[in-house]
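Below, each chain spelled out in residue letters.
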Amino acid sequence: TYKRLNAYKVKIWSSQVNHHSSTNNETYQERLARLEGDKESLILQVSVLTDQVEAQGEKIRDLEICLEGHQLKLNATEEMLQQELLSRTSLETQKLDLMAEVSDLKIKLVGMEKEQSEYEEKQNKAEGLLQELRHLKIKVEELENERNQYEWKLKATKAEIAQLQEQLALKDAEIERLQCQLSRTSSHSEVAERDQEVQRLKIGMESLLAANEEKNMDGTVVSDDLSPLSLGMDSGPQSPLSLENRKSPKGIKKIWGKIRRTQSGNFPADDLGLAEFRRGGLRATAGPRLSRSKETKGQKSDYNAPFAQWSTERVCNWLEDFGLGQYVIFARQWVTSGHTLLTATPQDMEKEMGIKHPLHRKKLVLAIKSINTKQDEKSAQLDHIWVTRWLDDIGLPQYKDQFHESRVDGRMLQYLTVNDLLFLKVTSQLHHLSIKCAIHVLHINSFNPHCLRRRPVEESNVSPSEVVQWSNHRVMEWLRSVDLAEYAPNLRGSGVHGGLIILEPRFNGDTLAMLLNIPPQKTLLRRHLTTNFNVLIGPETQQEKRDITESTAYTPLTTTAKVRPKKLGFSHFGNLRKKKFDESKDYVCPMDTNPGATNGTQKNYTGYKGLSPLTDRELDQVGQTD
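Residues numbered from 1 in each chain as written. Predicted model: local features only at pLDDT ≥ 70, side-chain atom pairs only at ≥ 80, totals over all residues. Heavy atoms only, no water.

**Digging into the overall build of the protein**
Okay, so step 1: Across its full length, the protein holds 21 helices and zero strands.
Okay, so step 2: Within the span of the protein, comprising 626 residues, buried residues form 36% of the whole.
Okay, so step 3: If you take every contact in the protein between residues at least 6 apart in sequence, the share linking residues at least 24 apart comes to 69%.
Okay, so step 4: Accessible surface computed for the protein: about 39,000 Å², of which carbon and sulfur atoms make up 54%. (Helix = DSSP H or I, 4+ residues; strand = E, 2+ residues; numbered from the N terminus. Buried < 20%, exposed > 50% of the residue type's maximum accessible area, 1.4 Å probe, protein only. Contact = heavy atoms within 4.5 Å. Areas by Shrake-Rupley, 256 points an atom, 1.4 Å probe, with all protein chains shown as cover.)

This is how it looks when you write it as structure tokens:
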């Protein structure tokens, strides 16, 4: 600023000099006055410039202060940048560490997958071994039952052998008596008569030997020593009383003692005539007979007698007709009349008749109870052969062997319990509900053997009361009628029938689609099935199923849910022995029917709903659902 002021003064002076040279006529006074004026103007200009310089100086100081602040910010920013760089490097190192850990985890995952596959293989092997163990256990039980039966047969055989030995002792005593008489008599006629009598003895012995040989062909083991030569009965013309060819009574007893098993009937003690030993008079075996002997007057009158007065033979015939012919051998030894069975307890049946199978025992107990109470139950007219056909109708043919082996008939269906189904190897919750609804339909139709509809008829408008009587095959025909024929075979063995469709509230279109194996992504096909299903069951049933589905406690039906037996607490262990033969009341389908609805005529099908609650509440009380 000072330099600018000097330059300005020099400029003014130069202008004044130039002016002085140009105005030589001006006077000195005028020039001085002019110089003073210029001086004052210069002073004013200097003051103005001084003020400007001070203002610029303040601005410079402000700018320097701002510059210092920005410099501090710049230093702070540089420090933050350094920290960010450091943190970035640390994050990169952490990233590398994490990538290394991820690679290690992937390696571990591969190892775990291999271990899981190996574990699954081991588990499959263990399940196979468990199944084999179960089969072996069943075989052991069967062998145990067979052993018990053979023990009973052995006892019966020993008793029969003892009787035969007594009879042979009597025969030997008679032979000795005849020999003594023969030695005393000298008359030829008497000797001839004795020879004829001995010949009859010989014929009787040969008939006994022939009968035992026939039993030996049927599975009875007889000693090879029983031959005519061993008994001194040669085919030559020698006398049967010669001492060389005749066995002593002790030898004959020894021979008969070698008989291991016989099934001969009991001979009367007073009938000791030798001529009575002939074929066809008494039964040679006690097994299943090929033909029955002629009825006597006493037998004819026995058929009109009450059950308590039945003879042993008639009770055994009744057991064979009842499907329990395997226990006839033991019944023949224990039962004296029908009164024996009427007063027998389940323990007696197991101990005396060897009935180890719980359902065989239950079948006999229910029949005897019906005889005692004189109840004419229509379910008793359905035998175990009909039940196997009924399993085909309700779509559960896989259980036919278990039901047939257990001789389950219509009366047992009426009193069937959850534990009975578990014993019959029916563990699926869906199959339990299927059998429950099918028994419900039988109850409503008074156990009519022809109540289920197997074939389609001309039906323009099908009501739920008609659908409830559809068999599994009829449901498959309905699927073919709604253009779902390719999925219809999937219902075989599923247990789906009309009773399950109508009476089970949780059975809906989605459940049927699951059983038909329709993939979830085929939404149009599932919608088509649901529409036709709702039309089939009617609006009232559809609304009830919708209410159940929208409830908070709703759990959908699945094919994997199992029913397990109820676990007993510590307080029940003392009563296990006591309750072994007690009759359980936990029926699959309770027997309290609604008398006002016998054929489902009220509101199309409401008569089918009065029997029992059709949820799985009872199943949850008995078992745990997986």
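On we go.
**A few points about the confidence of the model for the protein**
Interpretation of the predicted coordinates at a detailed level should be avoided for regions scoring low in pLDDT.
Okay, so step 1: Here the protein averages 77 in pLDDT, while 71% of its residues score no lower than 70.
Okay, so step 2: Scored below 50 in pLDDT, residues 218–298 shows 120 contacts in the model against residues more than four places distant or in partner chains.
Okay, so step 3: In the model, residues 570–582 has pLDDT below 50 throughout and makes six contacts with residues more than four positions away in sequence or in other chains. (pLDDT = per-residue confidence, 0-100.)

**Here's the deal with the UniProt feature "domain: SAM" (unreviewed entry) in the protein**
Okay, so step 1: In the numbering used here, UniProt assigns the feature "domain: SAM" (unreviewed entry) to residues 310–374, 387–445 and 470–501.
Okay, so step 2: Between the first and last C-alpha atoms of residues 470–501 the distance is 9 Å; the span itself is 44% helix and 0% strand. (UniProt positions renumbered as here; feature names shortened; annotations may be inferred.)

**Here we look at the pattern of salt bridges**
Should their charged atoms come close, side chains of opposite charge can pair.
Okay, so step 1: Applying the stated criterion to the full structure yields 13 salt bridges.
Okay, so step 2: Here Glu 92 and Arg 88 are joined by a salt bridge, their closest N and O atoms 3.8 Å apart. With a gap of four residues between them, Glu 92 and Arg 88 both fall in helix α2 (residues 28–184), about one helical turn apart.
Okay, so step 3: When its relative accessible area of 43% is taken as the criterion, Glu 92 is described as partly exposed. (Salt bridge = Lys/Arg side-chain N within 4 Å of Asp/Glu carboxyl O.)

**Details of a nonpolar patch on the surface**
Okay, so step 1: Among the surface-exposed residues, Tyr 28, Leu 32 and Leu 35 lie close enough to one another that they form a single nonpolar patch of about 290 Å² accessible area.
Okay, so step 2: Summarising the element assignment, Leu 35 is placed in helix α2.
Okay, so step 3: Classification of Leu 35 as partly exposed rests on a relative accessible area of 40%. (Patch = residues over 30% accessible without salt bridge, like charges linked within 9 Å, V, L, I, M, F, W, Y side chains within 5 Å.)

**Details of the packing of aromatic side chains**
Okay, so step 1: Applying the stated rule across the entire model yields seven aromatic pairs.
Okay, so step 2: Taking the centre distance of 5.1 Å and the plane angle of 10° together, the rings of Trp 318 and Phe 322 count as stacked.
Okay, so step 3: Between Tyr 415 and Tyr 587 the ring centres are 5.9 Å apart and the planes differ by 70°, which places this aromatic pair in the edge-to-face class. Note that Tyr 415 is positioned in the loop between α13 (410–414) and α14 (418–423) and Tyr 587 in the loop between α20 (523–550) and α21 (617–622), a separation of 172 residues in sequence.
Okay, so step 4: Tyr 415 sits in the buried class, given a relative accessible area of 11%.
Okay, so step 5: For Tyr 587, a relative accessible area of 11% corresponds to the buried category.
Okay, so step 6: Here the aromatic residues Phe 307, Trp 310, Trp 318 and Phe 322 are joined through ring pairs into a cluster of three or more. (Phe/Tyr/Trp six-rings, centres within 6.5 Å; stacked < 30°, edge-to-face > 60°.)

**What about unusual backbone geometry?**
Okay, so step 1: At Phe 447, a position not held by glycine, the phi torsion is positive, near 55°.
Okay, so step 2: Here Phe 447 lies in the loop between α15 (429–444) and α16 (464–467).
Okay, so step 3: Judged by its relative accessible area of 7%, Phe 447 falls in the buried class.
Okay, so step 4: Even without glycine at this site, Asp 483 takes up a positive phi of about 65°.
Okay, so step 5: Tracing the backbone shows Asp 483 in the loop between α17 (472–481) and α18 (498–503).
Okay, so step 6: Of the residues examined, Asp 483 reaches a relative accessible area of 66% and is grouped as exposed.

**Here's the deal with the side chain of Ser 379**
Okay, so step 1: Structurally, Ser 379 can be placed in the loop between α10 (358–373) and α11 (384–393).
Okay, so step 2: When residues no more than four places from it in sequence are discounted, the contact partners of Ser 379 are Gly 410, Arg 411, Gln 414 and Phe 447.

**Some remarks on α10**
Working note: α-helix, 3.6 residues per turn, so residues spaced by three or four point in the same direction.
Okay, so step 1: With 16 residues, α10 extends 22 Å from end C-alpha to end C-alpha; this agrees with the ideal 22 Å at 1.5 Å per step.
Okay, so step 2: Next to the buried residues of α10 lie α6 (312–321), α8 (338–342), α9 (346–352), α12 (400–405), α13 and α14.
Okay, so step 3: Among the residues trailing α10, Lys 374 stands out with phi positive, at a value near 60°. (Expected span 1.5 Å × (residues − 1).)

**A word on the nonpolar core**
Within soluble globular proteins, side chains that are nonpolar tend to cluster in buried spots.
Okay, so step 1: Residues Trp 390, Phe 403 and Ile 435 are the most contacted members of the largest nonpolar core, which totals 65 residues.
Okay, so step 2: Broken down by element, this core gets its largest block of residues, eight residues, from α15.
Okay, so step 3: In this view, Ile 435 contacts Trp 390, Ile 394, Leu 396, Phe 403, Leu 416, Leu 421 and Val 426; residues no more than four positions away in its chain are not counted.
Okay, so step 4: Val 315, Leu 324, Val 335 and Leu 342 belong to the second-largest nonpolar core, a separate cluster that totals 21 residues. (Core = buried A, V, L, I, M, F, W, Y, C linked by side-chain atoms within 4.5 Å.)

**Observations regarding the environment of Tyr 327**
Okay, so step 1: Tracing the backbone shows Tyr 327 in the loop between α6 and α7 (328–334).
Okay, so step 2: Remark: the alpha-carbon pair of Tyr 327 and Met 353, spanning 26 residues in sequence, is separated by 6.2 Å.
Okay, so step 3: Other than its neighbours up to four places away in sequence, Tyr 327 contacts Met 353, Gly 354, Ile 355, His 357 and His 360.
Okay, so step 4: A distance of 2.9 Å separates polar atoms of two side chains, one belonging to Tyr 327 and the other to His 360. (Polar contact = N/O pair within 3.5 Å; in protein donor to acceptor, adjacent residues only side chain to side chain.)

**Quick notes on a negative patch on the surface**
Okay, so step 1: Taken together, the side chains of Glu 141, Glu 142, Glu 146, Asp 401 and Glu 405 define an acidic patch exposed on the protein surface.
Okay, so step 2: Of all the secondary-structure elements, those providing two or more residues to the negative patch are α2 and α12.
Okay, so step 3: No other element matches α2, which puts three residues into the negative patch.
Okay, so step 4: If you trace the backbone, Glu 142 turns up in helix α2. (Lys, Arg positive; Asp, Glu negative; His and termini not counted. Charge placed at Lys NZ, Arg CZ, Asp CG, Glu CD.)

**Focus: the environment of Glu 544**
Okay, so step 1: Mapped onto the elements, Glu 544 comes out in helix α20.
Okay, so step 2: Sequence separation of Glu 544 and Arg 506 is 38 residues, and the distance between their C-alpha atoms is 9.4 Å.

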